[in-house]
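Commentary on secondary and tertiary structure
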Amino acid sequence: MVSYASQPFSSIDEVIARFAAHKYICNRRIATVVYLASSLQKPILVEGPAGVGKTELAKVLAATVQCELIRLQCYEGLDEAKALYEWEYAKQLLYTQILKDKINEVVGGARSLREAVERIAREDNVFFSDRFILPRPLLRAITADRPTVLLVDEIDKADPEFEAFLLEVLSDFQVSVPELGTLKAKHIPLVVLTSNNAREMSDALKRRCLHLYIDFPSAAQELEIVQLKVPEIHPQLAEELVHFIQRVRQLDLKKVPSISETLDWARALVLLNAEALEQQLVEDTLNAVLKYEGDIRKAQEELKDFLSRRKTERQGRETDADKDLLH
Amino acid sequence: MEQKILRFVELLRQNGVRVSLAEDLDSLQAVAAVGFSNPADFREALRATLVKRHIDEPTFDSLFNLYFRGLGGDLVEHLKATESALGFEDADLQNLIDALSQSVQELGVQLSELARQLLTADLGRLEQLLRQAARHVGLDAVERPFQEGRYAHMLAQHLGLSALAAELEELKKRLRGLIPSNDWEKVQKFIDLRLQDLTRAIKRLVRQELEKKEPTLRESERIDRLGEKSFYYLTEEEIRQMKEAVTKLAERLKNIVAVRKKRGKRGRFDIKDTLRKNLQYGGVPFRIEFDRRVKDKPQILVLCDVSDSVRNVSRFMLQFVYTLQDLYSRVRSFVFVSDLSEVTRLFEEQDIHAAIEQALSGQVVNVFAHSDFGRAFRIFHRDFLPAVNKKTTVIILGDARNNYNLPHEWTLKDIRQRAKQLIWLNPENRLTWGFGDSEMDRYLVYCDVVEECRNLNQLYRVIDRIVH
Ligand SMILES: Nc1ncnc2c1ncn2[C@@H]1O[C@H](COP(=O)(O)OP(=O)(O)O)[C@@H](O)[C@H]1O
Ligand SMILES: [Mg+2]
């Protein structure tokens, strides 16, 4: 088994810098885990609420180490056929049609149905060979000629049975295809698994992985993200928007807005040429941030409070300035 | 350092964080990879390898601070408190410290080292002095809370606290004339407060050592609320927390099945079956047959004691039952005292508060009767045994206090034989099981899992153990 080609980061600071170059703001905790994953060759299990940058982390990781990103999106009922490989039935079918005569030859002279079936079975390795295999993400990561980053996204949506299977793949990076034999990885991929915590992952899987919990970002970080991703935003607007979003997250909401919503909102407000949060503007665009009627109402309350506070603050500042002038 | 990390891991385990041996080794590797130059990186390396559940992070953080950060944080806090007690802002404190050193120099007084560090607020050096003293008196031998006072006293003696007090008194006398009278009060107060800070630091040091040894001391500060607040209304947060715990429990129950079945492997392509199924398409393989496994939902019967002897934890237990019932379709619930009655329908139809209220009201079973587990189990055995099969997990919540009635443990034996597993959660402290009218010893032999459980923390611990 050939191990991961080279150690792509030489320090934690380098992780932070290279991620920033790809427009991903990572705090020291995230950077440490990424650094460890690449130097110890261990998978990362990233947990946390939706929209905090779990998927993006894997994408940016692939970009920074210049590897192909192979993504396996999980869902309920995902099985090995969809994750590992499938036989290309259509192609097999086509071949059987074209080779009808040949098949008749093989089956010809059989005295019973049973015997005909036996004869076909003897030849089935023709149809179950490389030629007819359709590799899915896991097999692609295993057979890739160059190192890859494998993203197993939203693993909590898959069934526990699938998780058990995945664990086997992750432990030795080899799979046995009954019809073809054992396939071994040429390069151990850098693996990122993400989970929105719909259910808890098994201890066995967790044991294998480094664990990273990403929470909503601090105000300072979120501001950085907004400025990076929506550079045309007016500085005052950016600051107010982040400040307001951070307060909204403290409310008792059905769905708490994530970074994606902050960014969507920032873009919407930029389109409207906003330079600061104003009552009407916010009311018109709040549905970019919140999806539920009840949540929107709660946020509107919060907004009134926010705006009136800002007003008194501004007045305070103005009178201070007046005083300075008088001196 | 390696030893120190391994001891820290041991501490995590004692405090309910599950760490396997493999993870021990991972943590050492990770620490080696990040090095020791930055304490924050060191902490994150340990966190990533040792803490795999988000709910364990507060435990990790507080233990990390206790174990690796030492007294530093506390010393800073004490100083801050003193600062605000003096009504100081910004540089006031530093100015006072500077002025004080100046005066001491002018007086030509040679202060003891301890007095000097205390008054100049050299916290690093101060911590060193405290640690030296701790080593000298063998503080790491402290085991129990009642020893706290004794060890604090020993430390104070070793540090020479009374000599220090005398020294500072003397200093105050001599400074009196030197310091301008409007500053004098603050200076005097500062010296007094710093002496208090030192005694606090000593106590804190002993306490920290003790907390390392006694997970229960810390636990009492933790999220114990659910059980204790039994007669209050449940808050949204408590409801949410219980949902989370129950979901995890159900996952565990399900995962056991998944792990056992894992060996079943990938459904292999079955050529004979495929041909047979595809005869209708003229023998051309349209539908490929794999042998598929059936998905499991947790199938649970839960029996909950609502008698007077468990009244302090009834709400916790019923909340557990209700949540289980609420989240999963194949759950049936029963409550019992001496009678036993099914409450599945009641729990399905009512909101959580109404359901719990009614279960405890005496309308479902007589809650004022004397507990009779034997009788209740016999009723269950008579009326519901057919509902128990190889897929059923049976969970019993109760204290097994049977008022000296017949225990009829054979009923459990029968239930156990038919069920997938039998779990008993007892809210009583394990130390008291089997004493007085407790029949726990008789019952537990028929259970697969028996755990002490009267709050969420313990419930999580149960969940952890179920895998073994
Ligand atoms: N730390 C970050 N730096 C830059 N952009 C981020 C960061 N975190 C999240 N984002 C942005 O937020 C959005 C949601 O992130 P995503 O990875 O899809 O979330 P998740 O997978 O956790 O649900 C993306 O558009 C991503 O670019
Ligand atoms: Mg995602």
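A brief report on the enclosed structure follows. In this text the structure is predicted, and so the values were computed from the model without any measurement.

When its secondary structure is counted, chain A shows 15 helices and nine strands. Evaluated residue by residue, chain A yields a buried proportion of 48% over its 327 residues. Taking the contacts inside chain A whose residues are at least 6 apart along the sequence as the reference set, 77% of them involve residues at least 24 apart. If you sum the accessible surface of chain A, you get close to 16000 Å²; carbon and sulfur atoms cover 51% of it.

Let us now look at the overall build of chain B. Along its length, chain B carries 22 helices and six strands. The 468 residues of chain B split such that 51% are buried. Sequence separation of at least 24 residues holds for 74% of the intrachain contacts in chain B that already meet a minimum separation of 6. A total of about 22800 Å² of accessible surface is found on chain B, and carbon and sulfur atoms cover 50% of it.

Our focus in this paragraph is the site of ligand 1. All names here are of chain A. What surrounds ligand 1 is a group of 15 residues, the closest being Ile25, Gly51, Thr55, Glu56 and Lys229. In this structure, Gly53 approaches ligand 1 through a main-chain N or O atom, which is 3.1 Å from an oxygen atom. Separating an oxygen atom of ligand 1 from a side-chain N or O atom of Lys54 is a distance of 2.8 Å. Within the complex, 83% of the 560 Å² of free accessible area of ligand 1 lies under protein. For the shell around ligand 1, the elements supplying multiple residues, two or more each, are α3 (54–64), α11 (219–229) and α13 (259–271). Each residue belonging to the shell around ligand 1 can be placed in one class, and the counts come to seven nonpolar, four polar and four charged.

Bringing the packing of aromatic side chains into the picture now. Within this structure, the stated rule accounts for 22 aromatic pairs over all chains. Taking 5.6 Å as the distance between ring centres and 55° as the angle between the ring planes, the aromatic pair formed by Phe162 of chain A and Phe165 of chain A counts as tilted. Within this pair, Phe162 of chain A and its partner Phe165 of chain A are both found in helix α9 (residues 160–172), separated by three residues, close to a single helical turn. Through successive ring pairs, a cluster of aromatic residues spans Phe8, Phe36, Phe42, Phe60 and Phe64 of chain B. Positioned above the aromatic ring of Phe64 of chain B, the side-chain terminus of Arg43 of chain B is 6.0 Å from the ring centre.

Residues and elements named next belong to chain A. Reading across the sheet, the five strands line up as β2-β5-β8-β1-β9 and stay open at both edges, with parallel pairing between neighbours. Either end of the sheet is taken by a strand with one partner, and the two such strands are β2 (68–73) and β9 (210–213). Within the sheet, the average angular offset between the axes of one strand and its neighbour, ignoring direction, is 20°. When strand β5 (residues 148–153) meets strand β8 (residues 190–195), the two strands line up parallel, connected through four bridges. Bridge assignment links Leu150 to a residue of β8, and that residue is Val191. Docked against the sheet, helix α2 (residues 28–40) engages β1 (44–47), β8 and β9, running at close to 160° with respect to β9.

With that out of the way, let us pick up α3 of chain A. Residues and elements named next belong to chain A. Among the 11 residues that make up α3, eight are buried, leaving the element largely enclosed by the rest of the structure. The set of residues buried in α3 consists of Lys54, Thr55, Leu57, Ala58, Val60, Leu61, Ala62 and Thr64. Gln66 lies just past α3 and shows a positive phi near 55°.

Attention shifts here to the side chain of Glu261 of chain A. Position of Glu261 of chain A among the secondary structure elements: in helix α13. Overall, Glu261 of chain A belongs to the buried group, its relative accessible area being 12%.

What follows covers the environment of Leu63 of chain B. As for its position among the elements, Leu63 of chain B is in helix α4 (residues 57–69). Here the alpha-carbon distance between Leu63 of chain B and Glu211 of chain B, two residues 148 residues apart in the chain, equals 9.0 Å.

Calculation rules
Residues numbered from 1 in each chain as written. Chains lettered and ligands numbered in written order. Predicted model: local features only at pLDDT ≥ 70, side-chain atom pairs only at ≥ 80, totals over all residues. Heavy atoms only, no water. Helix = DSSP H or I, 4+ residues; strand = E, 2+ residues; numbered from the N terminus. Buried < 20%, exposed > 50% of the residue type's maximum accessible area, 1.4 Å probe, protein only. Contact = heavy atoms within 4.5 Å. Areas by Shrake-Rupley, 256 points an atom, 1.4 Å probe, with all protein chains shown as cover. Near = heavy atom within 4 Å. Polar contact = N/O pair within 3.5 Å; in protein donor to acceptor, adjacent residues only side chain to side chain. Nonpolar A, V, L, I, M, F, W, Y, C, P; charged D, E, K, R; others polar. Phe/Tyr/Trp six-rings, centres within 6.5 Å; stacked < 30°, edge-to-face > 60°. Lys NZ or Arg CZ within 6 Å of the ring centre and 35° of its normal. Pairing = 2+ DSSP bridges. Axes fitted to C-alpha atoms, helices over the stretch in contact; angles between N-to-C directions.

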